[in-house]
Structure formats: C-alpha cells, structure tokens
Amino acid sequence: MSKTFKFIKSTAVPVEIENIDTDQIIPARFLKATTRDGFGKNLFIDWKTNPDGTPKADFPLNDPIYSGEILVAGKNFGCGSSREHAAWAIADYGFKVVVSSFFADIFKNNALNNFILPIKTSDEFLAYIFSKINANPKTVLEVDLEAQTLTVEGKSEKFDINPYKKECLINGYDDIDYLLSLSDEVKSFEKKRVYA
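These numbers were taken from a predicted model, which means no experiment stands behind them. (Residues numbered from 1 in each chain as written. Predicted model: local features only at pLDDT ≥ 70, side-chain atom pairs only at ≥ 80, totals over all residues. Heavy atoms only, no water.)

## Overview of the nonpolar core
Counting residues in hydrophobic clusters, the biggest one holds 54 residues, and the most contacted among them are F44, V72, F77 and L117. If we ignore the near neighbours within four places in the chain, the residues touching F77 are I20, I25, F44, L71, I90, V98, S100, F102, F103, A104 and F107. (Core = buried A, V, L, I, M, F, W, Y, C linked by side-chain atoms within 4.5 Å. Buried < 20%, exposed > 50% of the residue type's maximum accessible area, 1.4 Å probe, protein only. Contact = heavy atoms within 4.5 Å.)

## Some points on the packing of aromatic side chains
Inspection of every chain in the model, using the stated rule, returns nine aromatic pairs. Ring centres of F44 and W47 lie 5.6 Å apart, and the angle between their planes is 5 degrees; on these two criteria the pair is classed as stacked. Look at W47 and you get partly exposed, because its relative accessible area is 22%. For the ring pair Y93 and F95, a centre distance of 5.2 Å and an interplane angle of 20 degrees mean the geometry is stacked. Assessed through its relative accessible area of 1%, F95 is described here as buried. Chaining the aromatic ring pairs together yields one cluster made of F44, W47 and F59. In this structure, K155 packs its charged tip against the face of Y128, placed 4.5 Å from the ring centre. (Phe/Tyr/Trp six-rings, centres within 6.5 Å; stacked < 30°, edge-to-face > 60°. Lys NZ or Arg CZ within 6 Å of the ring centre and 35° of its normal.)

## Re the side chain of T139
Counting through the fold element by element, T139 comes out in the loop between α5 (123-135) and β6 (141-144). Accessibility expressed as a relative area gives 2% for T139, which makes it buried. In this structure the side chain of T139 is engaged in a polar contact, spanning 3.0 Å, whose partner is the backbone oxygen of K132. Not counting residues within four places of it along the chain, the set of residues in contact with T139 comprises S10, T11, A12, K132, I133, V152 and E153. (Helix = DSSP H or I, 4+ residues; strand = E, 2+ residues; numbered from the N terminus. Polar contact = N/O pair within 3.5 Å; in protein donor to acceptor, adjacent residues only side chain to side chain.)

## Comments concerning the sheet that holds strand β3 (residues 70-73)
Pairing between the strands of a sheet is mediated by backbone hydrogen bonds and can be parallel or antiparallel. Across the sheet, four strands lie side by side as β2-β3-β4-β5; this open sheet has parallel pairing. Single-partner strands in this sheet number two, and they are β2 (12-15) and β5 (117-120). Strand-to-strand twist across the sheet, computed as the mean angle between neighbouring axes with direction ignored, equals 20 degrees. Where β3 meets strand β4 (residues 97-100), three bridges bridge the pair, whose relative direction is parallel. (Pairing = 2+ DSSP bridges. Axes fitted to C-alpha atoms, helices over the stretch in contact; angles between N-to-C directions.)

## What about the sheet that holds β6?
An order of β1-β6-β7-β8 is seen for the four strands of this open sheet, with the pairing classed as antiparallel. Only two strands of the sheet have a single neighbouring strand rather than two, namely β1 (7-10) and β8 (155-158). Ignoring which end each strand starts from, the neighbouring axes of this sheet average 15 degrees apart. Across four bridges, strand β7 (residues 149-152) lies against β8 in antiparallel orientation. Note that in β8 the partner of T151 across the bridge is S156. Against the sheet, α5 touches β6, β7 and β8, its axis set at about 35 degrees to β7.

Okay, here's the thing in structure tokens:
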C-alpha cells in the first residue's frame, strides 16, 4: 500500500458509533506482536465476530455493500489508551482516511505517523455524510489533501492538518525521511557557516 497521496476518491465504510476507544479498535490481547503486519484482520474483532468466531452480519466491516479506503466513525474516535497498534490495525486493514467529528489527540498523532489521514469535520457535516452513505452505500467521498477539503456529493468542508504532517503524507515521509529530504539545505547552510 502506497504511503503517499494527494487525492483520494473512494466509497466509505460507516461505523456510526461514538466514543470508539483503542481497545475496541484493537483489543489488548492482540498487542503481543512485534511487527505492524497482521493487525488488520483483528480490527474491531469483538464487534464484528460472535463468541464462536463467526462473523456478525450486521457489522459494517462484514457487510459487502460497504467498501473503500475511508472509515467514517462517530464522534470521539480513538479515545482510551495510547496504543499505536490501533493505527496499525486501521492501516493494515486498508484504510487511508478516518473521518470523525472529534479525535483523541494521541490517536490523531499515531494515525498521522502511520500515514493515515484523520479528518475532523463538524458534527453537522459528519451527520450529512452518514445520511448519504445510509441512503446509498456507494456514495463517493473525495479527499483533496493539498486543498484540505472533504467533498461528498457536491458539498465540501475544509479540514485542518499540521503543515509538517501534510508534507509528510504527500511525500510519504516519516520523520527521518523528512530530515533526509533537507540534506542539501543542511549542507548549504554548513558551507556558509563561519566557525570561530
């Protein structure tokens, strides 16, 4: 999966539940792994499966009418513990964007560090998005990272993002990659510097 993007046009998977915490995103019993791979299959595992392991047909991730690279969730997404594994699970499942009207700060930073764009909308726009998806599961959401807009059926809303994190997402940089991208500027600065 590519880490870079400027524009995403995709259908979405709606999880219309508020206060989704990181233990619901990825339960603690799955945190023993030392790599980021394989967490996606356990995303929302306690909500999407019955105690015997069979899938719950009414959970959106199990419903074939929903698909796409965008997860739309209720207000206050990613609250609870600070586990980065929640972002790993979302990314490994294939989501590049999470839309909600509020994100826990630690989750938001973990998402950005794992090349997931958390888009904070107004409560009204989030309700509008859910209404459109509920009416038509094939509703397309358009994310323009450069313009910082989310558009759904002709209606748009701007979103905020830290300029540094925006550049990292557009270029696929982690923190080290970003510093390496400045190496020519650093060398130029060093050449001009006068040492006593």
